[in-house]
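# Overview (structure and organization)
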Amino acid sequence: MTQVSKLAMVIIVALLLPALLFVPACAPKATEGTIKVQISTDLTGPYAGVMKYIYYATIDYFNYINEEEGGIKGHEVVALSYDDKSDPALSSTYYDQARTEGIVARLQSTTPSLLAVLSKLEADQIPSIGVAASATLFNPPSWHYSTVGDWAKQFCSALDGYFYPKWKEAGGTDPMRLSLVCWDMTLGRSGPPAVEALMAMRPGRYEVVSTTFPSMTTMDYVSDLSTAKAANPDLILAFVSG
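One structure accompanies this document, and this report is about it. (Residues numbered from 1 in each chain as written. Predicted model: local features only at pLDDT ≥ 70, side-chain atom pairs only at ≥ 80, totals over all residues. Heavy atoms only, no water.)

### Observations regarding the sheet that holds strand β7 (residues 206-212)
Consider a sheet: its strands pair through backbone hydrogen bonds, and that pairing is either parallel or antiparallel. A sheet is described by the order of its strands in space; here three strands give the open sequence β7-β6-β8, paired in parallel fashion. The open sheet has two edge strands, β7 and β8 (235-239), and neither has a second partner. Strand-to-strand twist across the sheet, computed as the mean angle between neighbouring axes with direction ignored, equals 25 degrees. Sheet strands in contact with helix α5 (residues 151-169) are β6 (176-182), β7 and β8, and its direction is about 165 degrees off that of β8. Docked against the sheet, helix α8 (residues 222-230) engages β6, β7 and β8, running at close to 150 degrees with respect to β7. (Pairing = 2+ DSSP bridges. Helix = DSSP H or I, 4+ residues; strand = E, 2+ residues; numbered from the N terminus. Axes fitted to C-alpha atoms, helices over the stretch in contact; angles between N-to-C directions. Contact = heavy atoms within 4.5 Å.)

See the structure below:
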């Protein structure tokens, strides 16, 4: 196995093992005694800086399963990797190619690529698991399992349980001024309502002083950060990923 941080390996084991154990029960038999799984990820696109390390850890995990555990119930796991660059068109094309190879499950990295094939996954009954995408897009659960959960609520939990106490320890005086930077899509736009719900639970504790909605694919946040800076916040809460 190549060197991957212990934390990354723990995350991969926790996220992938349930999905892989699910494969034999809900999907067609793997061809020639193997279990073929598609990995559709962003290795050279806008989110490669994050996704490539998840990919490396995933490959290491599959190597471990095959070399140390003898595969899954004696079947070798074959990972078919595709660099979709977070491009929906490429994601759709690569999924079609992978289906012809006999995949029985799919691992997905980014929201744009997943949304391009979501209806195909359901029609083909191919189980999928992904580290991106807002959980609100996938309720009730179907053929895609989002490991992200409800990010908006998670961010608010981190705000209320960690950042706010630290800010108070440093001498902060209520209300804590918040600037929100939210992707202009479901995940990002779930942020403001979650903050509003938190504010209703903690009267007088927080105040939202600015909110911007940059494009999900932007790599330039200068305008959004300038708007936040001008509002003089105590904390910038970014409902984005990558």
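There is more to say, and it comes next.
### A look at helix α7 (residues 191-201)
Among all positions of α7, only G191, P192, A194, V195 and L198 are buried. Considered in projection along α7, the buried side chains sweep an arc of 160 degrees and stay on one side of the axis. Those residues of α7 that are exposed and angled more than 90 degrees off the buried face are E196 and A200. On the buried face of α7, the contacting elements are α5, β6, α6 (186-189), β7 and β8. (Buried < 20%, exposed > 50% of the residue type's maximum accessible area, 1.4 Å probe, protein only. Arc of directions from axis to C-beta.)

### Considering unusual backbone geometry
Here D174 and P175 are connected by a cis peptide whose omega angle stands at 0 degrees. Its location among the elements puts P175 in the loop between α5 and β6. The backbone of S86 sits at a positive phi, close to 60 degrees, despite the residue not being glycine. With respect to the secondary-structure elements, S86 resides in the loop between β2 (76-83) and α3 (88-100). Overall, S86 belongs to the buried group, its relative accessible area being 9%.

### Let's talk about the side chain of K36
Here K36 is to be found in strand β1 (residues 34-41). Buried and without a salt bridge, K36 has E101 as its closest oppositely charged side chain, separated by 4.1 Å. Looking at K36, its side chain comes within polar contact range of the main-chain oxygen of E101, at 3.1 Å. (Lys, Arg positive; Asp, Glu negative; His and termini not counted. Salt bridge = Lys/Arg side-chain N within 4 Å of Asp/Glu carboxyl O. Polar contact = N/O pair within 3.5 Å; in protein donor to acceptor, adjacent residues only side chain to side chain.)

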